[in-house]
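Letter by letter, the chains look like this.
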Amino acid sequence: MVNLPRRLDRRSWIEQALPTELAVTFTSDLNGPFDGRSLTHEALDAAGHQLFSWQIESDNPWWNRPLKYGEIGCTLAHLACWRDAADHGDEPYVVVLEDDAVVPAGFLTDLLDGLDRLEQARSDFDLLYLGRFPLEPDREAAPGFVVPGYSHCTFGYLLTRKALHMLLVAKLDHAIVPVDEFLPAQYIDHPRGDLRARFPKRLAALAFEPPLVHQRPKDEAGSDTEDSEFVVA
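Remember, it's a predicted structure, so these values are computed and weren't measured experimentally.

J.: Go over the overall build of the protein chain, please, and point to the residues and values.
T.: If you tally the helices and strands in the protein chain, you get eight helices and ten strands. Sorting the 233 residues of the protein chain into buried and exposed places 50% on the buried side. Taking as baseline every contact in the protein chain between residues at least 6 positions apart, the subset at least 24 positions apart corresponds to 73%.

Next up, the structure:
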């Protein structure tokens, strides 16, 4: 199963790139306040969502500013994918791709080959990055894989059924943070103490190295998260 957080006008792009053998769900087919350009406090409150106290005094400029509505919408789109995958189907793995993911022609073959190699190496994991942006050093794992350090970008990753459950019990919708920060908090001691306390690590993570999928450049694909307004209390 593949679940894809995406904007409706990009559907044809990713549909053409995905293997036809895979069952695909698009967030444009799901209900939820995902579009950061139209999100409001009222819409979030009506849906029962709550925001984490995000802005702190920090040298990190991303932490030292308010959340953007697009970041909230992106997080909610990923959360909707996890819920949909947990509620439907019984596949052992679920792949989540954002609509700016660049999927190679041999994607499915390479993915299945990688999973076979991990099984033969008896490498346990809950989260498997298909692509990402490393921020801290990784550790060696099975050939072709690493244990990821602190990483950003969620344009391509795979989850086990166990991981779906563990992500959902974290109740991210009651303390919304960017999904780029939430996922690493699930497998490392997050460098922000307040995030580390709210979202303690609970998953084992691996990452393809080199990456299996890549991300289209921002100047080509645009950015729904960045091209949105700040949340002002």
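Here the narrative resumes, following the displayed structure.
J.: Before we move on, can you summarise the side chain of Asp 173 with the specific residues and values?
T.: By secondary structure assignment, the location of Asp 173 is in the loop between helix 5 (161–169) and helix 6 (179–185). The class of Asp 173 is buried, set by a relative accessible area of 11%. Those residues in contact with Asp 173 that sit more than four places away from it in its chain are Gly 48, His 49, Gln 50, Leu 79 and Arg 83.

J.: Please provide a residue-by-residue account of the pattern of salt bridges, values included.
T.: Within the structure shown, the criterion is met by ten salt bridges. In this structure, Arg 65 and Glu 71 form a salt bridge, with 2.5 Å as the shortest nitrogen-oxygen distance. Residue classification places Glu 71 among the buried residues on the basis of a relative accessible area of 9%. The partner of Glu 209 in a salt bridge is Arg 132, with the nearest N and O atoms 3.9 Å apart. With Glu 209 in the loop between strand 9 (205–208) and strand 10 (214–215) and Arg 132 in strand 5 (residues 127–134), the pair connects residues that are 77 residues apart, well separated along the chain. By sharing partners, the salt bridges in this structure join Arg 132, Asp 138 and Glu 209 into a single network.

J.: Kindly report on the environment of Phe 34, identifying the contributing residues and their values.
T.: Within the fold, Phe 34 resides in the loop between strand 2 (24–26) and helix 2 (41–46). Here the alpha-carbon distance between Phe 34 and Ile 72, two residues 38 residues apart in the chain, equals 7.7 Å. In contact with Phe 34, not counting residues within four places along its chain, are Thr 27, Gly 73, Cys 74, Leu 76, Ala 77 and Ala 80.

J.: How would you sum up the packing of aromatic side chains? Please name residues and give values.
T.: Counted by the stated rule, this structure contains six aromatic pairs. Relative to Phe 125, the ring of Tyr 93 has its centre 6.0 Å away and its plane inclined at 15°; by these criteria the two rings are stacked. Note that Tyr 93 is positioned in strand 3 (residues 93–97) and Phe 125 in the loop between helix 4 (107–120) and strand 5, a separation of 32 residues in sequence. You can call Phe 125 buried: its relative accessible area is 11%. When the ring of Phe 145 is compared with that of Phe 208, the centres are 4.7 Å apart and the planes differ by 50°; the resulting orientation is tilted. Residue Phe 145 is found in strand 7 (residues 145–147), and its partner Phe 208 is found in strand 9; the two are separated by 63 residues along the sequence. Across the pair, exposure class does not vary: Phe 145 and Phe 208 are buried alike. One aromatic cluster is present, formed by Trp 82, Phe 182 and Phe 199 through successive ring pairs. Positioned above the aromatic ring of Trp 54 is the side chain of Arg 192, whose terminal nitrogen or guanidinium carbon lies 4.6 Å from the ring centre. Over the aromatic face of Trp 63 sits the side chain of Arg 192, whose NZ or CZ is 5.5 Å from the ring centroid.

J.: Could you give an account of the packing of helix 3 (residues 69–87) against helix 5, with specific residues and numbers?
T.: Axis separation between helix 3 and helix 5 bottoms out at 10 Å; the angle between their running directions is 125°. Classified by the interaxial angle, the pair formed by helix 3 and helix 5 is oblique. By crossing handedness, the relation of helix 3 to helix 5 is classed as left-handed. Touching Leu 79, Trp 82, Arg 83, Ala 85 and Ala 86 of helix 3 are Arg 161, Leu 164, Leu 167 and Leu 168, all from helix 5. Partitioned by chemical class, the residues of the contact of helix 3 with helix 5 number seven nonpolar, no polar and two charged.

J.: How would you summarise the nonpolar core if you had to cite specific residues and measurements?
T.: Counting residues in hydrophobic clusters, the biggest one holds 46 residues, and the most contacted among them are Ile 72, Trp 82, Phe 182 and Phe 199. Among the secondary structure elements, those contributing two or more residues to this core are helix 3, strand 3, strand 5, strand 8 (151–160), helix 5, helix 6 and strand 9. Examining the composition of this core, we find that ten residues originate from one element, helix 3, more than from any other. If near-sequence neighbours (up to four positions away) are discounted, Trp 82 is found in contact with Val 96, Tyr 157, Leu 159, Leu 164, Leu 167, Leu 168, Leu 172, Val 179, Phe 182 and Leu 183.

About the criteria used
- Residues numbered from 1 in each chain as written.
- Predicted model: local features only at pLDDT ≥ 70, side-chain atom pairs only at ≥ 80, totals over all residues.
- Heavy atoms only, no water.
- Helix = DSSP H or I, 4+ residues; strand = E, 2+ residues; numbered from the N terminus.
- Buried < 20%, exposed > 50% of the residue type's maximum accessible area, 1.4 Å probe, protein only.
- Contact = heavy atoms within 4.5 Å.
- Salt bridge = Lys/Arg side-chain N within 4 Å of Asp/Glu carboxyl O.
- Phe/Tyr/Trp six-rings, centres within 6.5 Å; stacked < 30°, edge-to-face > 60°.
- Lys NZ or Arg CZ within 6 Å of the ring centre and 35° of its normal.
- Axes fitted to C-alpha atoms, helices over the stretch in contact; angles between N-to-C directions.
- Parallel < 35°, antiparallel > 145°, perpendicular 65-115°, else oblique.
- Left-handed = near helix turned anticlockwise from the far one by under 90°.
- Nonpolar A, V, L, I, M, F, W, Y, C, P; charged D, E, K, R; others polar.
- Core = buried A, V, L, I, M, F, W, Y, C linked by side-chain atoms within 4.5 Å.

Function cannot be read off these values alone, since they describe shape.
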